[in-house]
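Understanding the architecture of this molecule
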Amino acid sequence: MAVTESLPLPAMENGEGKGGGEYTQDGSVDLRGNPVLRSKRGGWTACSFIVVYELFERMAYYGIASNLVIYLTDKLHQGTVEASNNVTNWSGAVFIMPLLGAYAADAYLGRYWTFGMCLLTLAVTIPSLKPPPCAGGVCPPASALQLGVYFGGLYIIAFGNGGTKPNISTIGADQFDEFDPREKMHKMSFFNWWMFTIFVGILFSSTVLVYLQDNVSWSVGYGIPTLGLLVSISIFLAGTPLYRHKVPQGSPFTRMGKVVAAAVWKWRVAVPADAKELHELELEEYTRKRKFRMDSTNAMRFLNKAAVKEDGSPAARWSLCTVTQVEETKQIVKVIPLLATMFVPCTLIAQTNTLFVKQGRTMDRHIGRHFQIPPASLGAFVTLSMLVAVVVYDRLFVPAIRKYTKNPRGITLLKRMGVGLLLQVVAMATASLMESRRLGYARRHGLDAAAAEVPVPLTIFELLPQYVLMGVADAFLVVGKIEFFYDQAPESMKSLGTAMSLTAYGVGNVLSSFLLSLVSRVTRERGDAWVTNNLNASHLDYYYGFLTVLGAINAVVFVALSSRYRYKVESTETIDIAMDVKGDTAKKIQN
């Protein structure tokens, strides 16, 4: 049986303020902790300030990430495997840090944080902080100081990202009241348009910023997003009077740890047949503290032992948890297996900023006689295809399929993610076939035997299918993943739910580094390295094929797990209510 959440009582009697406006029903408050009027705060107006911040923040991140492998190989003189792993290791840190950010935000700090990238801009600007250019085929390695300053800047950004990333999207989603039918419908579209905005920022980074970095200077390419961040922080703060806030409700890790410890401590205690005999607070207590109470379920019944009352026991106080605390823990635990199936897909996504870019570097990038496309700019087609797919999905697919499935979302979140997984597998298989064609051309013309990597006279646009397919896959998988973990997390742990979805990227990037290092070492020891500094003499097609098989196996596991997953009743019931109200409103307008 799925979890249900009880509706909190109105913030004030009758739910109306002194000015006649209606208070939100989800416990939203202003910065002083006072209940807020629906007409005065939140909604798309408040979201516009938040979205601008995220637009510039993603522009800054991808302004670095999109072209980082090129900077590491061209400017810091690192090899293909080393540079690729440094990119994925950094990206891994960027997306693992949100777990700490989610803890801090939900426990004490609220949902704000900022970070900067000034040190990184200095590292690419000051000559003494960069190694000298290659001369006569000799490339001086970067010094410890030069590496320290550059990577120090990168990892300061990763640390700052931990405070902002899990919380900024949560702030946006919090601007819509779960218990207001109209706002519930808006919230269902929020993550689609949130990701749309993010990819607009990525599109600018992978075209304009990448071009400036390759053809003007890295200082300009890094300086623009730095200034953009400063402006966006000001805009974000300017919107503070319009934001709805959720009251910090303590560390989720502490509460979950207490539940597990209490259940283990009382492992011999029998769970009563009547759930009403378990320990729980009165509804008024939750309403007063603006929290949500949850009903007991039989799923993971062992954890219910934590809510069994033991009068007279010396450990009765610390080992007694409420039913709500137990059910919150269950909700997080039951999504962990699905979280694990997101690691491999995020490994596949990581290839777009590493090996895909290096692959494009080996091809003909000319448009006309003088203009050359930066290899990282082809990532813009991931963004463009994703932008188009999100609009088509939200405006055409969902309304059309809803008539047949009767599901307000068109298809369930897990089905949406499953479609994305399958498209990813097709994208990697396409990449493998294209690389096999490129390598075949290089071998027929003897380019694999050249002392240095020589560009293959095949247009870089032959790589478009794998980029486009990856972008369409993102529209299903990435958007669905963020919404799923946010939607299924308990109300008091929304930032943690968002952070879990982001952690998948972190683990996926670290896994990418591990797999690339392992495969490179094993194949090199066998005398036929799959990935070398000279891609024309490599077997990158084999490596892509290996990732394709890994993705297919992971997709099968995901389907098996998702078919047994049961959604929160609250998340489906409130949507159904919203749909009913929307239908009634439409009928009134027609009449």
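Whatever comes next refers back to the structure up there.
First, a word on what this report is: a plain description of the structure on this page. The structure displayed is predicted, hence computed values, not measured ones. (Residues numbered from 1 in each chain as written. Predicted model: local features only at pLDDT ≥ 70, side-chain atom pairs only at ≥ 80, totals over all residues. Heavy atoms only, no water.)

Regarding the overall build of the protein chain
Applicable threshold: Per the convention used, a helix needs a DSSP run of H or I reaching at least four residues, while a strand needs a run of E reaching at least two, with both numbered from the N terminus. Only protein chains enter the calculation, and the probe is 1.4 Å; a residue is then buried if its accessible area is under 20% of its type maximum, exposed if over 50%, and partly exposed in between. Contact definition: two residues touch when any of their heavy atoms are within 4.5 Å.
A tally of regular secondary structure across the protein chain gives 19 helices and four strands. For the protein chain, the proportion of its 591 residues judged to be buried stands at 56%. Counted over contacts in the protein chain with a minimum sequence separation of 6, partners at least 24 positions apart contribute 82%.

Here's the deal with the pairing of strand S4 (residues 456–459)
Put simply, the test is: In this scheme, strands are said to pair when DSSP sees at least two bridges between them.
Only one face of S4 is covered, namely the one carrying Val456 and Leu458; the face carrying Pro457 and Thr459 has none of its residues buried. Where strand S1 (residues 363–364) meets S4, two bridges bridge the pair, whose relative direction is parallel. Bridged to aspartate 364 within S4 is threonine 459.

Description of the nonpolar core
Here is the rule we go by: Among buried residues, those of type Ala, Val, Leu, Ile, Met, Phe, Trp, Tyr and Cys that are joined through side-chain atoms within 4.5 Å constitute a nonpolar core. As used throughout, domain bounds are those supplied by an automatic or database domain assignment.
By size, the foremost hydrophobic cluster in this structure holds 83 residues, and its most contacted members are Trp90, Tyr150, Met195 and Phe484. Mapped onto the domain boundaries, this core takes at least three residues apiece from domain 1 (23–133 + 140–250) and domain 3 (326–568). Grouped together as the second largest cluster of nonpolar side chains are 28 residues, Met363, Met434, Ala442 and Tyr543 included.

Points about the packing of helix H12 (residues 343–350) against helix H15 (residues 413–444)
Helix-helix packing is characterised by the crossing angle of the two axes and by the distance between the axes. Quick reminder of the rule: To obtain each axis, a line is fitted to C-alpha atoms, and for helices this fit is confined to the stretch in contact; angles are then taken between N-to-C directions over 0 to 180 degrees. Orientation labels follow simple angle bins: below 35 degrees gives roughly parallel, above 145 gives roughly antiparallel, 65 to 115 gives roughly perpendicular, and whatever is left gives oblique. Each crossing is labelled by how the near helix is turned from the far one, with a counterclockwise turn of less than a right angle marking it left-handed and a clockwise turn marking it right-handed. Residue type decides the class: Asp, Glu, Lys and Arg count as charged, Ala, Val, Leu, Ile, Met, Phe, Trp, Tyr, Cys and Pro as nonpolar, and the leftover types, Gly among them, as polar.
Running from N to C, H12 and H15 point in directions that differ by 40°, and their axes come no closer than 11 Å. Relative to H15, the element H12 is oriented oblique. Judged by the sense of rotation from one axis to the other, the crossing of H12 with H15 is left-handed. The residues of H15 that touch H12, namely those facing Pro345, Leu348 and Ile349, are Leu421, Gln424 and Met428. Residue composition of the contact of H12 with H15, grouped by class: five nonpolar, one polar and no charged.

Quick notes on the environment of leucine 414
With respect to the helices and strands, leucine 414 occurs in helix H15. When the C-alpha positions of leucine 414 and leucine 561 are compared, they lie 9.9 Å apart, and in sequence the two are 147 residues distant. Once residues lying within four places of it in the same chain are set aside, the contact partners of leucine 414 are Leu338, Phe484, Phe558, Ser562, Tyr565 and Tyr567.

Examining the packing of aromatic side chains
Our working rule: When the centres of two rings from Phe, Tyr and Trp lie within 6.5 Å, Trp using its six-membered ring, the rings pair. Their planes under 30 degrees apart give stacked, over 60 give edge-to-face, and anything left gives tilted. Here, a charge over a ring is recorded when the distance from Lys NZ or Arg CZ to the ring centre is within 6 Å and its angle to the ring normal is within 35 degrees.
Applying the stated rule across the entire model yields 19 aromatic pairs. Between phenylalanine 356 and tyrosine 467 the ring centres are 5.3 Å apart and the planes differ by 70°, which places this aromatic pair in the edge-to-face class. Of this pair, phenylalanine 356 sits in helix H13 (residues 355–361) while tyrosine 467 sits in helix H16 (residues 464–488), placing them 111 residues apart in sequence. Per residue, the accessibility class of phenylalanine 356 equals that of tyrosine 467, and both read buried. Ring geometry for tyrosine 393 and phenylalanine 476: centres 5.4 Å apart, planes at 80°, overall edge-to-face. Taken together, the positions of tyrosine 393 in helix H14 (residues 380–405) and phenylalanine 476 in helix H16 put the pair 83 residues apart, joining distant regions of the chain. The same class applies to tyrosine 393 and to phenylalanine 476, which are both buried. Aromatic ring contacts, followed pair by pair, group Tyr71, Tyr150, Phe151, Trp218 and Tyr222 into a single cluster. Taking NZ or CZ as reference, arginine 416 lies 3.9 Å from the ring centre of tyrosine 393, over its face.

Describing the packing of H16 against helix H17 (residues 494–525)
In contact at an axis separation of 7 Å, H16 and H17 are set at 145° when each is read in the N-to-C sense. For the element pair H16 and H17, the recorded crossing hand is right-handed. Between H16, through Val478, Lys481, Ile482, Phe485, Tyr486 and Asp487, and H17, the contact on the second element is made entirely by Lys494, Gly497, Thr498, Met500, Ser501 and Tyr505.

Some points on the environment of proline 132
Mapped onto the fold, proline 132 is located in the loop between helix H5 (118–123) and helix H6 (144–173). For the pair proline 132 and lysine 75, spaced 57 residues apart in sequence, the C-alpha separation works out to 8.2 Å. Contact partners of proline 132, with chain neighbours within four places excluded, come to His77 and Pro140.

A closer look at empty space enclosed by the protein
Basically, it comes down to this: Here a cavity denotes grid points, spaced 1 Å and computed from the protein atoms alone, that fit a 1.4 Å probe unable to get out, and a pocket denotes an open set having protein on both sides within 12 Å along at least 5 of 7 lines; residues with an atom within 4 Å of a point are the lining. Grid points are joined across faces, edges and corners, and a volume is the space filled by probe spheres set on the points.
Enumeration according to the criterion identifies eight cavities of 30 Å³ or more in this entry. Considering only enclosed or pocket space, the largest cavity measures out at about 550 Å³ in volume. Where the lining of the largest cavity is concerned, the elements lending two or more residues are helix H1 (43–65), helix H3 (80–96), H6, helix H7 (181–215), H12, H14, H16 and H17. Considering each element in turn, the lining of the largest cavity owes the most residues, six residues, to H7. Residues of the lining of the largest cavity, tallied by class, amount to 20 nonpolar, 13 polar and four charged.

Concerning a nonpolar patch on the surface
Under the convention used in this document: Excluding any residue in a salt bridge, patches collect residues exceeding 30% relative accessible area, merging like charges within 9 Å and nonpolar Val, Leu, Ile, Met, Phe, Trp and Tyr side chains within 5 Å. Under the convention used here, a 1.4 Å probe and the Shrake-Rupley method define accessible areas, while residue burial counts only the protein chains that appear. Salt bridge criterion: a side-chain nitrogen from Lys or Arg within 4 Å of a carboxyl oxygen from Asp or Glu.
Taken together, Phe204, Val208, Tyr211, Val216, Val220, Ile224, Ile367, Phe371 and Phe461 make up a surface patch of nonpolar side chains, about 680 Å² in accessible area. When residues in the nonpolar patch are grouped by element, the largest group, three residues, is from H7. Relative to the assigned elements, phenylalanine 461 resides in the loop between S4 and H16.

Side note on unusual backbone geometry
Of note, histidine 77 is a non-glycine position whose phi angle comes to about 60°, a positive value. With respect to the element layout, histidine 77 can be found in the loop between helix H2 (68–74) and H3. You can call histidine 77 buried: its relative accessible area is 17%. Residues other than glycine seldom take positive phi values, yet lysine 406 does so here, at roughly 60°. Mapping lysine 406 onto the fold places it in the loop between H14 and H15.

Some words on helix H18 (residues 540–562)
Stated formally: The length a helix should cover is 1.5 Å for every residue beyond the first.
Between its first and last C-alpha, H18 extends 32 Å over 23 residues, near the 33 Å set by a 1.5 Å rise per residue. Taken as a whole, H18 has its buried residues at Leu540, Asp541, Tyr543, Tyr544, Leu547, Thr548, Gly551, Asn554, Ala555, Phe558 and Ser562. Packing partners of the buried residues in H18 comprise helix H11 (323–340), H12, H13, H15 and H17.

Notes on the pattern of salt bridges
Summed over all chains, the structure comprises 10 salt bridges. In this structure, arginine 58 engages glutamate 54 in a salt bridge whose closest nitrogen and oxygen atoms are separated by 3.8 Å. Remark: glutamate 54 and arginine 58 occur in helix H1; sequence separation between them is four residues, near one turn of the helix. Here arginine 58 matches glutamate 54 in class, with each residue buried.

Structural notes on H14
Going by this rule: Fitting one axis to the seven residues ending at a residue and another to the seven starting there, the bend at that residue is the angle between the two axes.
Along its length, H14 shows its largest kink, about 45°, at tyrosine 393. Looking only at H14, the buried set comprises Ala380, Val382, Thr383, Ser385, Met386, Leu387, Ala389, Val390, Tyr393, Asp394, Val398 and Arg402. Phi turns positive one or two residues past the end of H14, at lysine 406, with a value near 60°.

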